[in-house]
Amino acid sequence: MTDVGDGLSRVPPHDVEAEQAVLGGMLLSEQAIKAVIEIIEGPDFYRPAHETIFRVITTMTVQGTPIDPITVAAELTERGEIARVGGASYLHNLVDQTPTAANAEYYAEIVRKAATRRKVLEAVESAAHLARSGDGDLDAILDALREQITTAAEASSLRQRSDTGWEFSDLSAVLNGSHKPVTPVVGARDDGHGLFYPGHVNGVQGESEAGKSWVALITALIEINRGNHVVYIDFEDSEAGVVGRLLLIGALPRDLQERFHYVRPHITPAPGDLRAFVCRVAEVQPTLVVVDGVTEAMSMLGLELKDNTEIAKFRRMLLRPLADTGAAVVSLDHVVKNSESRGRYALGGVHKLNGVDGVQYMLEAVHPFGINAEGRSRLRVAKDRPAQVRKHALPSGKNPLHWFADVVVKSEGETFADAHIYPPIERTDDTAEIAAEREKDAKSEVEFVRRKGKILAVLEKAGSPLTTNGITSRVPGRTPVTRAALGRLVDSGEVVAEPGPKRAMMHSLPDKRQAKA
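Every chain's residues receive numbers from 1 upward, in the order its sequence appears when written. Selection of residues for local features in this predicted model requires a pLDDT of at least 70, selection of side-chain atom pairs for listing and counting requires 80 or more, and totals for whole chains, interfaces and linings are taken over all residues. Only heavy atoms go into the side-chain values, all of them from the structure, while hydrogens and water stay out.

A. Main features of helix 4 (residues 69-79). Type-normalised accessible area, obtained with a 1.4 Å probe on protein chains alone, sets the label of each residue: buried when under 20%, exposed when over 50%, and partly exposed for intermediate values. Each helix corresponds to a stretch of at least 4 residues labelled H or I by DSSP, and each strand to a stretch of at least 2 residues labelled E; elements are numbered beginning at the N terminus. Three or more residues of helix 4 are buried, namely Pro69, Val72, Ala73 and Leu76. Angularly, the buried residues of helix 4 cover 100° about the axis, an arc narrow enough to put them on a single face. Of the exposed residues in helix 4, the ones pointing more than 90 degrees away from its buried face are Ile70 and Glu78. Polar contact is defined as a pair of N or O atoms within 3.5 Å, subject to the rule that within protein one atom must be able to donate a hydrogen and the other to accept it, and that residues adjacent in sequence are counted only when both atoms are side-chain atoms. Two to three positions downstream of the cap, the backbone nitrogen of Ile70 sits 2.9 Å from a side-chain oxygen, assigning the N-cap of helix 4 to Asp68. Phi turns positive, to about 75°, at Gly80, one or two residues after helix 4. The directions from the helix axis to the C-beta atoms are what the arc is built from.

Here you go:
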């Protein structure tokens, strides 16, 4: 490594061979790329050509493009930067000169430390110049020096991955009784009980137009009115749509200007860009970070929605780092359309729910939201890892998910809406619950009628009586519904059931049975 040494050399600290070995390892191994981008970023390279190559490799990786000297050279050529990095031959030389890709992580640490030393020296030299010149207030110079050195140290430590969890935990707080469980203090129902856990990954899932964004925006307004900052990462709407709805429910423009930070990503970020963004979020110290549109976010990051490994990667890349800032991270996600098969899960892999270490809500539409209308949705607890939310919810009839709140937005035209998150009220004449049950019963009855028609068609076509299994194998759809529909047909006399061989019940139509006789 070239160093400042005795102070006579003006060449900043760097290690060209380590930089070359890092890039060579990345050109050789996908695993090396994953390890390196967790440690260093583009500006950490001393040579601009090396930074250019690094940025191209990381961008291609995010896009899913194969990495090797030929593909990277082609990308650099398309960008008009191949000559600046020394041509295609330089890329091949990087591979040839790299001892082994397995040590890429070690080489990256060398590059990181050299970059940190350069930043510290830059801060010291800048302060020394100001001190010698006599310009500026001395206290201001010292404050600036401390801030720059602290920033360099913090940026470096964020990439050291020292907090891996692979170490013995200190159990003292749990054993001596001083440990206090995390409580949901972000957002609130109208009775004061909080909605989300700070420093944890939380979520709200529901069908389109069930009001997921309304839950997030009402929570955001509560936090803004408390004097806290809110970050809203929007993959689905627009500035006008989100801010317009906040103003509609009573947010003040000056409060939004000071404490509401809106983000509308448009392109796939490099890993370094994501880390820089998380650092920027940490600077404003928000109590709430909303990620509106998990499906769109994962697609932008090049991740497969239904792959549990990719879902876990999304959590590590974005949700967990944001929660580590201390904010309550709330992701908004869709569910499958079929209410019978969705269970507690959002659209995609089950790891979406498994990865939540806070609370996950299921939002059920009751009345649609709209202008000059009173929209209502029911907030139910799908998961409560710290177990401090469900105790304030109510069991609700046949639904296995506890009822935590009702989200109500009453529109008073296009300029104002009254928004509330009401606590559950236990009563037998709940019109919303009755309406939902009636709607469900009506849908079930329609399905029974359709299934009965299919059963009758199958028996009409069959040349001989059929067993129950013979019918269910010929009628598409869920077997329990088919069996129930068959039972109704037998009870009404539309289908005749008689004992057959091996104690099986044989089913036929009455007219066919009579004709046979």
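B. Structural view of the pairing of strand 7 (residues 374-384). The element strand 7 is largely enclosed, with a buried count of ten among its eleven residues. The turn linking strand 6 (residues 359-367) back onto strand 7 is made up of six residues, and Asn372 within it adopts a positive phi angle of 60°. Two strands pair if DSSP finds at least two bridges between them.

C. Here's a closer look at the nonpolar core. As used here, the term nonpolar core means buried Ala, Val, Leu, Ile, Met, Phe, Trp, Tyr and Cys residues forming a set that is joined through side-chain atoms within 4.5 Å. Ranked by size, the top nonpolar core spans 42 residues in total, and within it Phe196, Val204, Tyr232, Phe260, Tyr361 and Phe404 carry the most contacts. Ranked by residues supplied to this core, first place goes to helix 9 (residues 212-225) with eight residues. Note on contacts: a residue pair qualifies if any of its non-hydrogen atoms lie within 4.5 Å across the two residues. Sequence-distant contacts of Tyr361, defined by excluding residues within four places in its chain, comprise Leu195, Phe196, Gly203, Val204, Gln205, Leu379, Arg380, Val381, Ala382, Val389 and Phe404. Listed in part, the 32 residues of the second largest apolar core include Ala21, Leu27, Val56 and Tyr107.

D. Layout of the pattern of salt bridges. One side-chain nitrogen of Lys or Arg within 4 Å of one carboxyl oxygen of Asp or Glu is enough to make a salt bridge. Across all of its chains, the model carries 21 salt bridges by this definition. Two residues, Arg315 and Asp357, come together in a salt bridge whose shortest N-O distance is 3.9 Å. You can see Arg315 sitting in helix 14 (residues 308-323) and its partner Asp357 sitting in the loop between helix 16 (351-354) and strand 6, a full 42 residues away along the chain. With its nearest N and O atoms 2.7 Å apart, the salt bridge here joins Asp357 to Arg320. Here Asp357 is found in the loop between helix 16 and strand 6, whereas its partner Arg320 is found in helix 14, with 37 residues between them in sequence. In this structure, Asp357 and Arg320 share a single accessibility class: buried. Three or more residues are tied together by salt bridges with common partners; here these are Arg315, Arg320, Asp324 and Asp357.

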